[in-house]
Amino acid sequence: MEMNKQKKIMIVGTGWIGGLILEFLARIPGVPKIIIADNNEDFALGNVYTSQVDIGIGNMYSALGGAVHQDLYPQIEFTYLDLTHGEETTETLRSIHPDIIIHCATLGAPRNTRKELPKDIYEKLMSAGFSIWLPFHLTLTYKLMKAIKNANISPYVVSAPFPDLVNPVLGKIGLAPTVGFGNIDNSVPAIKMLVAKHLKIPMQDILIYLVAHHSIRPIFLHKGIIKGLPYLLKIFVNGKDVTAEFDTDKLLSESRITPGITASSGIKNAFAILNDTGLLTNAPGPAGLAGGYPVRLSKKGAEVELPPGITMKEAIKLNEQGQELDGVEGIQEDGTVLYTKKTIKIMKEVLNYECKELKIEESENRATELKSLYNRLKANYQ
C-alpha cells in the first residue's frame, strides 16, 4: 500500500486494541510515520512485562521487531501523552500535528463482569444497557477532542471508545470524532464469509449495508435473542440485492467479536480517509450520529450512504431505538445524556449508583465514582 511517508498516524492509547493496531500497522509496506502516544512509557516501549496476557503486545519494540522479521522498517516514535493534562496534551498535539489519530484510550470499563459477578446480578446489570459505562469512555475522548480544538489543528479522528454514544454526545458541542470503528462493523466480515460460503462466490463480490446500534450486539451475543431488534441488513452481490435469500437474524447471530477484527476495522477506516479512497463500508458514530451506518470514507470524512428502500429519517429512528435499548432516553443539545427509567432503577439497585443524567463536564468524576461502586459490588462476591 503506497502512502506518503511524510504523513503521520498517531495512535492514542497502546493497550488492548491500540497495541494490535500498532502491530498490524508496522507490517504494512509504505505505512506513514507512526507516533504512539501513551501515559505509560515503559509499557509502550516494551521495557516491562508482567503476567497479564495483553502486556507486551502493544509496545514499540514488539512492533518494530516483528516488522524487521518481515523485512519492513517502519518509522515509529513514542511520545508521552496524558490526556488528563489538558495544556500539555494541546502542546504535544500542536507540535506533532498528526494527519490522523486512531483513538483507543479509555478509563477502562469493567471487562469481566460475567466472571466477577453471580449470574443473576450480571444479567440484571447487562439489562441496564452498556450506557451505564459511558463515563469511562466519554472522559478521555472529550479531553482529546478539546485539546485538538485548542491546538488549532484538524486531524481526522477515528475513535474506538463507545462511538455509538460518545460521538453523538460530543457532536452536540461540536467536538465529534470523524468516525468510530468496531462495534457493529465487527459483524460484517462474518456475514460476508457466511454469504460467500452459501453462494459459493468470492467475498470481494459482496457488499453489506448495515444500519444498527451497538446495543443489539450484547443482546444477541449474550442472550441469543435477535428477532425483533431494530436493525437493517442489506446484502448485494455484484450490484444485485440478494437479501431475500438469507435469514438476516441468523446471519447476525452467528457473527462474533475479536480484538483483531476491531483493530482491523480501525485501520481500514483510517486508511480509507487518509488515502481518500471513497471506500463504502460500515461504521459507528459517523459525523456525530448515534449508532452505526453504511458510510463512504474519504478526505471529506464519513458520509452516510444508505441502500435503496430506507430513508435517513428511518435509519436514524432505528438507531434511536437501539440507543434506548442501551439505556439512553435522549441526548440534550448541550450533550447531557438522559437515562431511561429502567436503567436508572437498575443502576441504583445493583450498584447504588444514582445517575438520572450525565453531563459531559461531570464525566470524569462519575467515572471515579462508578469504578469505586463496581469494585465494592465485586468484592461482595469474592
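Now for a quick tour of the structure. Per chain, residues are indexed from 1 in the order of the written sequence. Per-residue local features of the predicted model are confined to residues with pLDDT of at least 70, and side-chain atom pairs are confined, for both listing and counting, to 80 or more; whole-chain, interface and lining totals are unaffected and use all residues. With hydrogens and water stripped out, all remaining heavy atoms of the structure feed into the side-chain values.

So, on to the sheet that holds strand β15 (residues 357-358). On the basis of which strands lie adjacent, the open sheet formed by three strands has the order β13-β14-β15 and antiparallel pairing. Lying at the two open borders of the sheet, with one neighbouring strand each, are β13 (328-331) and β15. Here, a strand pair is defined by DSSP locating no fewer than two bridges between the strands. Only DSSP runs of H or I covering at least 4 residues are called helices, and only runs of E covering at least 2 are called strands; the numbering of each starts at the N terminus. Strand direction decides the pairing type here: strand β14 (residues 337-339) and β15, joined by two bridges, are antiparallel. When the sheet's bridge partners are listed, L338 is paired in β15 with E357.

Moving on, we get to unusual backbone geometry. Positive phi, close to 50°, is recorded for H97, a residue that is not glycine. Take H97: it is sitting in the loop between α4 (86-96) and β4 (100-103). With a relative accessible area of 45%, H97 lands in the partly exposed category. You will see that F162, though not glycine, has its phi angle at about 40°, which is positive. By the element assignment, F162 lies in the loop between β5 (156-159) and α8 (163-171). Exposed residues in this analysis have more than 50% of their type's maximum accessible area, buried residues have under 20%, and partly exposed residues fall in between, with area computed by a 1.4 Å probe over protein chains only. Of the residues examined, F162 reaches a relative accessible area of 4% and is grouped as buried.

It is worth spelling out the sheet that holds strand β2 (residues 33-38) at this point. Spatially, six strands are ordered β3-β2-β1-β4-β5-β6 in an open sheet, and the strand pairing comes out parallel. For this open sheet the edge positions go to β3 (76-80) and β6 (179-180), each flanked by a neighbour on one side alone. Sheet topology note: the strand β1 (residues 8-12)/β4 ladder contains four bridges and is parallel. Opposite V12, over in β4, you have H103 as the bridge partner.

Below, the discussion takes up the nonpolar core. Formed by 53 residues in total, the largest nonpolar core has its most connected members in L93, W133, L134, L138 and L351. Tallying contributions element by element places helix α7 (residues 134-151) first for this core, with 10 residues. We call two residues in contact when some of their heavy atoms are within 4.5 Å. Other than its neighbours up to four places away in sequence, L138 contacts V166, V169, L170, L358, I360 and S363. Among the nonpolar cores identified, the runner-up in size contains 41 residues, and L25, M60, I100 and V295 belong to it. As used here, the term nonpolar core means buried Ala, Val, Leu, Ile, Met, Phe, Trp, Tyr and Cys residues forming a set that is joined through side-chain atoms within 4.5 Å.

Given the number of residues in a helix, its expected span is that number minus one, multiplied by 1.5 Å. The first and last C-alpha atoms of helix α15 (residues 363-379) sit 24 Å apart over 17 residues, in line with the 24 Å expected at 1.5 Å per residue. Every buried residue of α15 is accounted for by S363, R366, A367, L370, L373, Y374, L377 and K378. End-on, the buried residues of α15 take up no more than an arc of 135°, which puts them together on one face. Exposed residues on α15 whose side chains face more than 90 degrees from its buried face are N365, T368 and R376. The inward-facing, buried residues of α15 contact α5 (113-116), α6 (119-126), α7, α14 (341-351) and β15. By definition, the arc is the one covered by directions from the helix axis to the C-beta atoms.

One can find K143 in helix α7. We call two N or O atoms a polar contact when they sit within 3.5 Å, provided that within protein one can donate a hydrogen and the other can accept it, with sequence-adjacent residues counted only if both atoms are side-chain atoms. Within the structure, the side chain of K143 is placed 3.1 Å from the side chain of E364, a separation counted as a polar contact. Setting aside residues up to four positions removed in sequence, K143 forms contacts with L83, T84 and E364.

Mapped onto the elements, E369 comes out in helix α15. The class for E369 is partly exposed, based on a relative accessible area of 32%.

Pairs can form between side chains of opposite charge once their charged atoms are near each other. The rule for a salt bridge is simple: a side-chain nitrogen of Lys or Arg has to be within 4 Å of a carboxyl oxygen of Asp or Glu. Summed over the entire model, instances satisfying the criterion amount to 15 salt bridges. Ionic pairing is found between E116 and K378, a salt bridge with its closest N-O pair at 3.9 Å. Placement of the pair is E116 in helix α5 and K378 in helix α15, with a sequence separation of 262 residues. K378 carries the same exposure label as E116, and that label is buried.

This next bit is on the packing of aromatic side chains. Working definition: rings of Phe, Tyr and Trp (its six-membered ring) pair if their centres are within 6.5 Å, and the pair is stacked with planes under 30 degrees apart, edge-to-face with planes over 60 apart, and tilted otherwise. All chains considered together, the criterion is met by four aromatic pairs. Ring geometry for W133 against Y374: centres 5.8 Å apart, planes inclined by 90°, an arrangement best described as edge-to-face. A residue pair is termed long-range when its members are at least 10 positions apart, and W133 in the loop between α6 and α7 and Y374 in helix α15 qualify at 241 residues. Here W133 and Y374 have matching classes, each one buried.

With that settled, the discussion passes to the pairing of β4. Where burial is concerned, the two faces of β4 agree: the one with I100 and I102 and the one with I101 and H103 are both buried. Sheet analysis places β4 next to β5, joined by four bridges and oriented parallel. Looking at the pairing, H103 lines up with S159 of β5.

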